[in-house]
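Structural characterization, general
Residue-level listing of the chains:
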Amino acid sequence: MEALDGLGAFHNSGGPRSRMRIEPIRSAYLENTDLVCVSRKELIQFQLPSPCPDIRSFLLRKFKREMGLTQWQDIYRAASLPRIPYLVLPAPEFEARKSSTLSLFHALILARCNAFSYRPKGEFIFTEQRLNRCIYLVKLNIPKFYALEP
Amino acid sequence: MSRLGLYGYEHLEPAILASLVSGDPLLLIGRAGTGKTFLLNRLSQALGLIHRHYNASLLSFDDLLGFPVPDPDGRSIRYLSSPSSIWNAESVLIDEVNRCKPEVQNKFFSLLHERCIQGISLTELRFRWAAMNPIQTADDAPDDLYEGCEPLDPALADRFAFLMQVPDWSDFSDSVQSKILSFDSLDDVSFESLSSFIQRAVLRFEEARPSLQMQNYFQRVSGLLQQEGFRLSPRRMKMLQRNALALHAVLCEQHADPQSVSIQTALFLALKYGFPQRAYRADFTEQTLEAAHTTAWRLAQITDPAEKWYAEFLLTDLPEEKATRILDLSVDKDKRSLALVRWLGKETNELHRALFCFALFPAFQFKSLLTEDAMQDVLRYAMPVMHVEGDMEWKELPSNRNGANPAWAPCLKVISDIAGKDPDRAARAEQLFLYGIVHIKQGFNPEQAELHLQACYLIAADFVNSQR
């Protein structure tokens, strides 16, 4: 069969046909060790309990229990969230598993991150999709990105 | 034209008259029997010219020159003039110009462009005209197939200042068809006013100078047509400008109130009837010219630098040209952001958009060049390149079981070609290609894409370096 494969010997005979091949691809430009253009990289992750019908109330309860904070203004003040924009890159799952960092503050950061960036003045959006993530906050070294001499 | 006995040619009249005013070469293109030759012969008759009419398919070049004889001193050659030789001609018509032998065709270059032949100037020659059948396409009906017809050599076509397609019977209205059928005598024809009209228009033409607006227009229109794949040579640009001046002179002479004649009409007619590809390419449409004209005219009107920048940014096609423009610091941040968001939203070339954002987003961040919303838009297209995650799918043939994706092979070649010289550049290319393979299913040219990426990257790098 192998020898005849591709010779047209099986035309109209139910012989081997073309098939779709699928190959998973993952390539993170900034993980390339030859390209040292990242000046800061933080792993940020959070996991909500499932189900979690009221995320804000859940977080407020947690902040009260762990830190004694009951008002959102106090929580935001205590959190001292990053004041500069960051890029958001998905972190591999194994990174999340091996890390023990599950800070409540990460939930706030994640609530401010869309799919691509953390915006220091961005709105807090508390959704499962935003909070149940494991991401890297990345600060790019721009001159190095462009291979410029220091 | 109707005074010359030609009906249905009214729309071509300004351009034909303009060719008489400028004295630049004119080419008529049309099916057999549409009156091309008739028109040109009648023009010479109307202007009282010594006229020569040659059929290029039958012509031997010696027919133009006459019989060569040595001078009495035996040091040079002169040509004995015959009734058919070109020496005293004031107008010449080369019929079937796309049917002649290439060696004869080549000799027309100097005749058309410089009014000389064999290096000898034809001092009496005022008008150079030619006619040809339309270029053939595979879809043409049998009636439209002309034996021996070839698309005109582009270099020869570029020597004609005016090139126009003449109408066929089916293009005429009922009343025009009736006029043609009832016209049976040339005696009715009046020529009286043509010469004086041309003289007046020539005076107007000789005094005319191209305005800055006209120059702007032609610069824009050439760029727009270049983007559509139609190159206009520097010679052509000069010709188009002359055409426009001649057309404007004609339109002013035709109009009772010359002040009300719009230069826009003259510019459009100059472009429409000065487009050389008409003689050798079947893949252009009148709509292409109309769209280029409309946009170029609009751009030529803009005097506010910010508006001009905005329009030019949107019209620029190449990512690297957009990169240069978007990094112009004289542009207001809001204007820059607005232009960028608008382009990103309407760009249909996904790879151009992706590589542009990938190469430039750090530069935008470096100097906070964009509003926050615009920056988000840029990141939306840049980050999927920075981090590619998805499936590469391809159809595997029975003859190539367990082989690699065939679309990846040309990408790999580009990467390996540059990896030895510049590994960082190769890494960027690989990242872009993986994005393309996973997200852009319809295929792309990796070599071209990499060149665009590299050009954008270098522009952004220069910018960041200059701003440190």
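Residues numbered from 1 in each chain as written. Chains lettered and ligands numbered in written order. Predicted model: local features only at pLDDT ≥ 70, side-chain atom pairs only at ≥ 80, totals over all residues. Heavy atoms only, no water.

The next subject is the overall build of chain B. Each helix and strand counted, chain B has 19 helices and 10 strands in total. Counting the 468 residues in chain B, one finds 53% classified as buried. The contacts of chain B with a sequence gap of at least 6 include a subset with a gap of at least 24, amounting to 74%. If you sum the accessible surface of chain B, you get close to 21600 Å²; carbon and sulfur atoms cover 50% of it. (Helix = DSSP H or I, 4+ residues; strand = E, 2+ residues; numbered from the N terminus. Buried < 20%, exposed > 50% of the residue type's maximum accessible area, 1.4 Å probe, protein only. Contact = heavy atoms within 4.5 Å. Areas by Shrake-Rupley, 256 points an atom, 1.4 Å probe, with all protein chains shown as cover.)

Within chain A, the regular secondary structure consists of six helices and five strands. Reading the helices (α) and strands (β) of chain A from amino to carboxyl end gives β-β-α-α-β-α-α-β-α-β-α. Burial statistics for chain A: of 150 residues in total, 43% are counted as buried. A separation of at least 24 residues holds for 73% of the contacts in chain A among residues at least 6 apart in sequence. Within the structure as shown, chain A displays about 9300 Å² of accessible surface, and the carbon and sulfur contribution to it stands at 51%.

Moving on, we come to the side chain of Ser222 of chain B. Within the element layout of this structure, Ser222 of chain B appears in helix α8 (residues 212–227). Setting aside residues no more than four positions away along its own chain, Ser222 of chain B makes contact with Leu232 and Met237 of chain B.

A separate point is the interface of chain A and chain B. Taken together, the 37 residues of chain A in the interface contact 44 residues of chain B. Scanning the region where chain A abuts chain B turns up five salt bridges. Glu396 of chain B is paired through a salt bridge with Arg21 of chain A; the nearest N and O atoms lie 2.5 Å apart. Counting the contacts that link chain A with chain B gives 15 residue pairs in polar contact (both at pLDDT 80 or more). Every element with two or more residues in the side of chain A that touches chain B is listed here: β1 (19–28), β3 (86–90) and α6 (142–145) of chain A. (Salt bridge = Lys/Arg side-chain N within 4 Å of Asp/Glu carboxyl O. Polar contact = N/O pair within 3.5 Å; in protein donor to acceptor, adjacent residues only side chain to side chain.)

All names here are of chain B. What you see with strand β1 (residues 26–29) is no split at all: Leu26 and Leu28 on one side and Leu27 and Ile29 on the other are buried throughout. Across four bridges, β1 lies against strand β8 (residues 127–132) in parallel orientation. Directly across from Ile29, in β8, lies its bridge partner Met132. Relative to strand β9 (residues 162–165), β1 runs parallel, the two being bridged by four bridges. Looking across to β9, one finds that Leu27 is bridged to Leu163. (Pairing = 2+ DSSP bridges.)

Next up on the list: the packing of aromatic side chains. Ring pairs (aromatic) are described by centroid distance and by the angle formed between their planes. What the rule picks out here adds up to 25 aromatic pairs over all chains. Measuring from centroid to centroid gives 5.0 Å for Tyr217 of chain B and Phe218 of chain B, while their planes differ by 75°, and the two rings are edge-to-face. Since its relative accessible area comes to 4%, Phe218 of chain B is described here as buried. A connected cluster of aromatic rings, assembled from ring pairs, spans Tyr29, Phe145 and Tyr146 of chain A together with Phe358, Phe361 and Tyr457 of chain B. The ring of Tyr136 of chain A is capped by Lys41 of chain A, whose NZ or CZ atom sits 4.3 Å from the centre of that ring. For Arg428 of chain B, the ring lying beneath its charged end belongs to Tyr457 of chain B, and the centroid distance is 3.4 Å. (Phe/Tyr/Trp six-rings, centres within 6.5 Å; stacked < 30°, edge-to-face > 60°. Lys NZ or Arg CZ within 6 Å of the ring centre and 35° of its normal.)

Take the pattern of salt bridges next. Considering all chains together, one arrives at 26 salt bridges over all chains under this definition. Of the charged contacts in the structure, one is a salt bridge between Lys62 of chain A and Glu66 of chain A, with a shortest N-O distance of 3.8 Å. Here the residue Lys62 of chain A and the residue Glu66 of chain A both occupy positions in helix α1 (residues 55–67), the gap between them amounting to four residues, near one helical turn. A relative accessible area of 22% means that Lys62 of chain A is categorised as partly exposed. Close ionic contact of Glu253 of chain B with Arg200 of chain B constitutes a salt bridge, the shortest N to O distance being 3.0 Å. Residue Glu253 of chain B is found in helix α9 (residues 234–254), and its partner Arg200 of chain B is found in helix α7 (residues 192–207); the two are separated by 53 residues along the sequence. With relative accessibility at 18%, the residue Glu253 of chain B sits in the buried group. In this structure, a network of salt bridges that share partners links the residues Arg19, Arg21 and Glu23 of chain A together with Glu396 of chain B.

This brings us to the sheet that holds β8 of chain B. Residues and elements named next belong to chain B. Spatially, β2-β5-β8-β1-β9 is the arrangement adopted by the five strands of the open sheet, whose pairing is parallel. Of all the strands in the sheet, the pair left with one neighbour each is β2 (51–55) and β9. Going from strand to strand, the sheet's axes swing by 15° on average, the running direction of each strand aside. The strands touched by helix α4 (residues 102–114) within the sheet are β5 (91–95) and β8, with β8 carrying the most contacts at an inclination of about 130°. (Axes fitted to C-alpha atoms, helices over the stretch in contact; angles between N-to-C directions.)

Ranked by internal contacts, the top residues of the largest apolar core, which has 76 residues, are Tyr146 of chain A together with Leu340, Leu360 and Phe364 of chain B. Here the element with the most residues in this core is helix α15 (residues 350–366) of chain B; it accounts for 11 residues. Dropping the residues within four chain positions of it, Tyr146 of chain A is found in contact with Ala359, Leu360, Phe361, Pro362, Ala363, Tyr457, Ala460, Ala461 and Val464 of chain B. Among the nonpolar cores identified, the runner-up in size contains 66 residues, and Leu40, Val202, Phe284 and Ala296 of chain B belong to it. (Core = buried A, V, L, I, M, F, W, Y, C linked by side-chain atoms within 4.5 Å.)

Turning next to the confidence of the model for chain A. Residue-level pLDDT values for chain A average 82, and 81% of them are 70 or greater. Mean pLDDT values over the elements of chain A span from 55, in helix α3 (residues 93–98) of chain A, up to 94, in strand β4 (residues 117–118) of chain A. (pLDDT = per-residue confidence, 0-100.)

Moving on to the pairing of strand β3 (residues 67–70) of chain B. Two elements, β3 of chain B and strand β4 (residues 77–80) of chain B, share four bridges in a ladder whose sense is antiparallel. If you follow Pro68 of chain B over to β4 of chain B, its bridge partner there is Tyr79 of chain B.

Let us now look at α4 of chain B. The periodicity of an α-helix, 3.6 residues per turn, causes residues three or four positions apart to be oriented the same way. Residues and elements named next belong to chain B. In this model, α4 (13 residues) spans 19 Å end to end at C-alpha, consistent with the 18 Å of a helix rising 1.5 Å per residue. Every buried residue belonging to α4 is among Val104, Gln105, Phe108, Phe109, Leu111 and Leu112, and all of these are buried. Packed against the buried residues of α4 are α3 (61–65), β5, β6 (116–117), β8 and α5 (154–157). (Expected span 1.5 Å × (residues − 1).)

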